[in-house]
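Listed below are the residues making up each chain.
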Number of protein chains: 2
Amino acid sequence: MLQPGSVQIHLPAWAGEFCARLPLALESPEERMRVAISLAEQNVANQSGGPFGAVVVAADTGQVLAVGVNRVEPGNCSSAHAEIVALSLAQQRLGMASLADAGIGPVELVTSCEPCAMCLGAVPWSGVSALLCGASKADAEAAGFDEGDRADDWVDQLERRGISVTTGILRSAAAKVLERYARSGGTIY
Amino acid sequence: MLQPGSVQIHLPAWAGEFCARLPLALESPEERMRVAISLAEQNVANQSGGPFGAVVVAADTGQVLAVGVNRVEPGNCSSAHAEIVALSLAQQRLGMASLADAGIGPVELVTSCEPCAMCLGAVPWSGVSALLCGASKADAEAAGFDEGDRADDWVDQLERRGISVTTGILRSAAAKVLERYARSGGTIY
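Bear in mind that the values here come from a model prediction, so they are computed numbers and not experimental data. (Residues numbered from 1 in each chain as written. Chains lettered and ligands numbered in written order. Predicted model: local features only at pLDDT ≥ 70, side-chain atom pairs only at ≥ 80, totals over all residues.)

## Digging into the sheet that holds strand E5 (residues 130-135) of chain B
All names here are of chain B.
Okay, step 1: Here five strands make up an open sheet; going across it, the order is E3-E2-E4-E5-E6 and the pairing mixed. Strand pairing shows two members of the sheet lacking a second neighbour, strand E3 (64-69) and strand E6 (164-166), which therefore form its edges. If you compare each strand with its neighbour and ignore which way they point, the axes differ by 15° on average.
Okay, step 2: As paired elements, strand E4 (residues 107-113) and E5 share five bridges and run parallel to each other. Along E5, the bridge assignment pairs Glu-108 with Ala-130.
Okay, step 3: Its contacts with the sheet put helix H3 (residues 82-94) on strand E2 (53-58), E3 and E4, and the angle it makes with E3 is roughly 145°. (Pairing = 2+ DSSP bridges. Helix = DSSP H or I, 4+ residues; strand = E, 2+ residues; numbered from the N terminus. Axes fitted to C-alpha atoms, helices over the stretch in contact; angles between N-to-C directions. Contact = placed C-beta atoms within 7 Å.)

## Details of H3 of chain B
Okay, step 1: With 13 residues, H3 of chain B extends 18 Å from end C-alpha to end C-alpha; this agrees with the ideal 18 Å at 1.5 Å per step.
Okay, step 2: Taken together, the buried positions of H3 of chain B are Ala-82, Glu-83, Ile-84, Val-85, Ala-86, Leu-87, Ser-88, Leu-89, Ala-90, Gln-91, Gln-92 and Leu-94 of chain B.
Okay, step 3: Buried positions along H3 of chain B lie against strand E1 (6-10) of chain A together with strand E1 (6-10), E2, E3, E4 and helix H4 (117-126) of chain B.
Okay, step 4: Where H3 of chain B terminates, the next one or two residues include Gly-95 of chain B, which has phi positive at roughly 70°. (Expected span 1.5 Å × (residues − 1). Buried ≥ 20, exposed ≤ 12 C-beta atoms within 10 Å, placed from the backbone.)

## Concerning the packing of helix H3 (residues 82-94) of chain A against helix H4 (residues 117-126) of chain A
Residue and element names in this part refer to chain A.
Okay, step 1: Close contact between H3 and H4 brings their axes to 10 Å; oriented N to C, the two are set at 15°. The orientation of H3 with respect to H4, classified from their angle, is roughly parallel. For the pair H3 and H4, the sense of crossing is left-handed. Contacts between H3 and H4 pair Glu-83, Ile-84 and Leu-87 from the former with Cys-119, Ala-122 and Ser-126 from the latter.
Okay, step 2: Looking at the contact of H3 with H4, its residues break down into four nonpolar, one polar and one charged. (Parallel < 35°, antiparallel > 145°, perpendicular 65-115°, else oblique. Left-handed = near helix turned anticlockwise from the far one by under 90°. Nonpolar A, V, L, I, M, F, W, Y, C, P; charged D, E, K, R; others polar.)

## A few points about the relation of the copies chain A and chain B
Okay, step 1: The two copies are related by a screw motion: chain A maps onto chain B through a turn of 180° and a shift of 0.0 Å along the axis, at an RMSD of 0.0 Å. In short, the pair behaves as if placed about a two-fold rotation axis.
Okay, step 2: When the interface residues of chain A are mapped onto chain B, 100% of them again lie at the interface, so the same face is used by both copies. (Least-squares fit on C-alpha atoms with pLDDT ≥ 70 in both.)

## A look at the nonpolar core
Okay, step 1: Formed by 130 residues in total, the largest nonpolar core has its most connected members in Val-55, Val-56 and Ala-86 of chain A together with Val-55, Val-56 and Ala-86 of chain B.
Okay, step 2: Aside from chain neighbours lying at most four places away, what touches Val-55 of chain A is Arg-32, Val-35, Ala-36, Leu-39, Val-64, Val-67, Ala-86 and Val-110 of chain A. (Core = buried A, V, L, I, M, F, W, Y, C linked by C-beta atoms within 7 Å.)

## Concerning the sheet that holds strand E3 (residues 64-69) of chain A
All names here are of chain A.
Okay, step 1: Read across the open sheet, the five strands follow the order E3-E2-E4-E5-E6; overall the sheet is mixed. One side of each edge strand has no neighbouring strand; the edge strands of this open sheet are E3 and strand E6 (164-166). Within the sheet, the average angular offset between the axes of one strand and its neighbour, ignoring direction, is 15°.
Okay, step 2: Alignment of strand E2 (residues 53-58) against E3, held across five bridges, turns out to be antiparallel. Along E3, the bridge assignment pairs Gly-53 with Val-69.
Okay, step 3: Lying on the sheet, H3 is in contact with E2, E3 and strand E4 (107-113); it crosses E3 at an angle near 145°.

In structure tokens, the structure reads:
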């Protein structure tokens, strides 16, 4: 008979060294985005998942609360997108289902690519107060990825819920990771 | 410095006994839904999460591939909705990020309540070919839950992707679990 159990999503082994080299604080939106893009690049270089990275940051101090990368194929888990991984790690470390309740002020989700429909739906439940995006939906689709049935006014949807959205941060550097991945023949989710 | 790690979402302890008592095959949509509703009820009775249950079933044989319940609060994970838990468990057990690639024919996600925006976005990535729902968005909202910014034509969105949708299976029994939870003053996500 069926055995219950647990879902487990592991960061790749290289993430330990990656995090050990991060500065204590990521000051600007660009510095935060550079980390998300580096995570995406390293994930491709190490063949540990798709070309997507994300980082969860305490907005006021710049402290990194968690990093995430796409772990769909290696983790056998279609919801292991970089954003879900980073948000879940941050929540479990802080012992809070909502990052808004963690007592560390506003929290940002910084992602190398605009969220797909699933990750967009996850953002309001996470307790972040800001979303920072690099590559656009068009960049993802140009590389062959499906972003799902996202509403055209998705930015307004989040802002109506009090979550600020900034798109296009270091967009061209972020899009290049997707292009290179697609050109190299990587698995498209 | 930040330590990488893993996301872990455990089913509650009572789920072992629950699964051991399930029949070998769940034949009809109603029988499958009754299991999803029972999971929601048991989750409330055992105070192990929100009033939502889901089951992933091999459509042709009725074999249960995984069960899921809402584990948001006890698991400190805002994305640990019943549907995500059940889909992820099924994928990790079968060793496949897409249930469509598992070689077991079409797979169904049976959920005690229509999916929120996040879970709706997760369905196309999961590889299921059918979604069966009990309680409606209106039932969830009447009990105080937020289903997120789901498109009005969400059923058409899934069906355009080749995923069949059936709503309202044992709706009144499914809605009663939500009503009782809300009346008892349970945490609303």
